[in-house]
Every structure is written in structure tokens, then in C-alpha cells.
Amino acid sequence: MTIQTTAHLNFRGQARAALDFYREVFGGHLVAVTYRDAGAVQDPAAADQIMWGQIAAENGFRVMAYDVPAARAWHPGEAPFFLSIRGADAAEIRGYWDRLVAGATVIQPIGPSGWSPLYGMLRDRFGVTWVLDVEAARS
């Protein structure tokens, strides 16, 4: 069993530009899912913003990013990142979730999502936001 820990950067309307820039700097492959792609449009003006994006490069560089929805409070420099735990084994990911959730605030209960068979988000008792998911095959 293996997992990857990745910085998950938070933006408001600039995630695609940031991911494109980081890809230019570090190389790698960009995968981006918009709110429209995921069927999760809450604000039509933000439908083409990034709900989930990632760059993975052969040199080891990896970063994730998304555009914080307008309904959620966010200011540049406040909560600028999450930590993402991603793996292939749902039982392993759920085990980490079950331990991290003690004393945590659940932001998104763990369960299936439009891009992953298992996804959840929580803020642990120390104020760190964690995103845990099972990596889905991407085309």
C-alpha cells in the first residue's frame, strides 16, 4: 500500500492560470476538472473554474489546485493550501480518515464523488485541512 501527500493550493478564479504557470516552470501533465465537468455547478459564472486540478511531472513535482467556490469564504493568504492524501486502496484511505476525523470538523463527508470513488475533506483539531481520496483512472 502506498499513498502520496501533495500540496493542494486554493485560489478563486485563478487555479487554471496557476496550474498552467507551474506546468511551464516544472513540466509535467496537467489534468483539470471544471465544476461543469463534475456536474457541480452552483454558480453559472464559475462553471468553467477548476474544481480539481493536478500537475504531475516525471521529475517528482506534483501539485493540486482548485478554485474555492464563491459561497465559501476565502481571502488570498488565508487557508492557501490543503494537504491531499491520495492512494489506490479505499480501505487504507478510509483508515486514515477514521483516525484523522477524531476531534475534526468534517467539511465533506467521505464517500463517492464525481471524480473519485472515495473522497472526503476535514479540518483536523490542529486547524489543518486534509483532502483524502482514492485515485481514479484519468484519460
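Here we summarise the structure given alongside this text. (Residues numbered from 1 in each chain as written. Predicted model: local features only at pLDDT ≥ 70, side-chain atom pairs only at ≥ 80, totals over all residues. Heavy atoms only, no water.)

1. Digging into the environment of T129
On the secondary structure map, T129 appears in strand β8 (residues 129-134). Once residues lying within four places of it in the same chain are set aside, the contact partners of T129 are F82, L83, I107, M121, L122 and R123. (Helix = DSSP H or I, 4+ residues; strand = E, 2+ residues; numbered from the N terminus. Contact = heavy atoms within 4.5 Å.)

2. Brief notes about the nonpolar core
Among soluble globular proteins, nonpolar side chains are generally buried collectively. Membership of the largest hydrophobic core comes to 14 residues, with the highest contact counts inside it found for W52, Y66, F82, W115, Y119, M121 and V131. Counting residues per element, the ones that place at least two in this core are β2 (29-34), β3 (50-56), β4 (62-67) and β7 (119-123). If we skip the residues at most four places from it in the chain, M121 touches F82, W97, V106, I107, Q108, T129, W130 and V131. Listed in part, the twelve residues of the second largest apolar core include I55, A57, V63 and A65. (Core = buried A, V, L, I, M, F, W, Y, C linked by side-chain atoms within 4.5 Å. Buried < 20%, exposed > 50% of the residue type's maximum accessible area, 1.4 Å probe, protein only.)

3. What about the packing of aromatic side chains?
Enumeration according to the criterion identifies four aromatic pairs in this entry. Considering the side-chain rings of W115 and Y119, the 4.8 Å spacing of their centres and the 65° angle between planes classify their relative orientation as edge-to-face. For W115, a relative accessible area of 11% puts it in the buried group. Looking at Y119, the relative accessible area reads 12%, which means it is buried. (Phe/Tyr/Trp six-rings, centres within 6.5 Å; stacked < 30°, edge-to-face > 60°.)

4. Some points on the layout of surface pockets
In this approach the atoms are scanned with a rolling probe the size of a water molecule, which exposes any empty space left behind. Of the volumes computed, that of the largest pocket is approximately 510 Å³. Taken together, 28 residues line the largest pocket, and the ones lying closest to its centre are Y35, M51, Y66, P69 and R72. Breaking the lining of the largest pocket down by element, the ones donating at least two residues are β3, β4, β6 (105-111) and β7. Examining the composition of the lining of the largest pocket, we find that four residues originate from one element, β6, more than from any other. Its residues assigned to classes, the lining of the largest pocket comprises 19 nonpolar, six polar and three charged. (1 Å grid on protein atoms, 1.4 Å probe; cavity = no way out; pocket = protein on both sides within 12 Å on 5 of 7 lines; lining within 4 Å. Points joined across faces, edges and corners; volume = space filled by probe spheres on them. Nonpolar A, V, L, I, M, F, W, Y, C, P; charged D, E, K, R; others polar.)

5. Looking at the sheet that holds β8
Strand order in the open sheet made by the eight strands is β2-β3-β4-β1-β5-β8-β7-β6, with mixed pairing throughout. Sheet topology places β2 and β6 at the edges, where each strand pairs with a single neighbour. For this sheet, the mean inter-axis angle between neighbouring strands, taken without regard to orientation, is 20°. Pairing between strand β1 (residues 3-11) and β4: four bridges, direction parallel. Paired with F11 across the two strands is D67, which belongs to β4. Along the sheet face, helix α1 (residues 15-26) touches β1, β2, β3 and β4 and points at about 5° away from the line of β3. Across the sheet, helix α2 (residues 90-100) touches β1, β5 (81-87), β6, β7 and β8, and the angle it forms with β8 is around 160°. (Pairing = 2+ DSSP bridges. Axes fitted to C-alpha atoms, helices over the stretch in contact; angles between N-to-C directions.)

6. Description of the pattern of salt bridges
Enumeration over the complete set of coordinates arrives at three salt bridges. For R36, the salt bridge is made with D48, and the minimal N-O distance between the two is 3.1 Å. One end of the pair, R36, is in the loop between β2 and β3; the other, D48, is in the loop between β2 and β3, and twelve residues separate them in sequence. Classification of R36 by relative accessible area gives partly exposed; the value is 49%. Judged by relative accessible area, D48 falls into the partly exposed class, the value being 49%. For R86, the salt bridge goes to D133, with nearest N and O atoms at 2.5 Å. One end of the pair, R86, is in strand β5; the other, D133, is in strand β8, and 47 residues separate them in sequence. The same class applies to R86 as to D133, namely buried. (Salt bridge = Lys/Arg side-chain N within 4 Å of Asp/Glu carboxyl O.)

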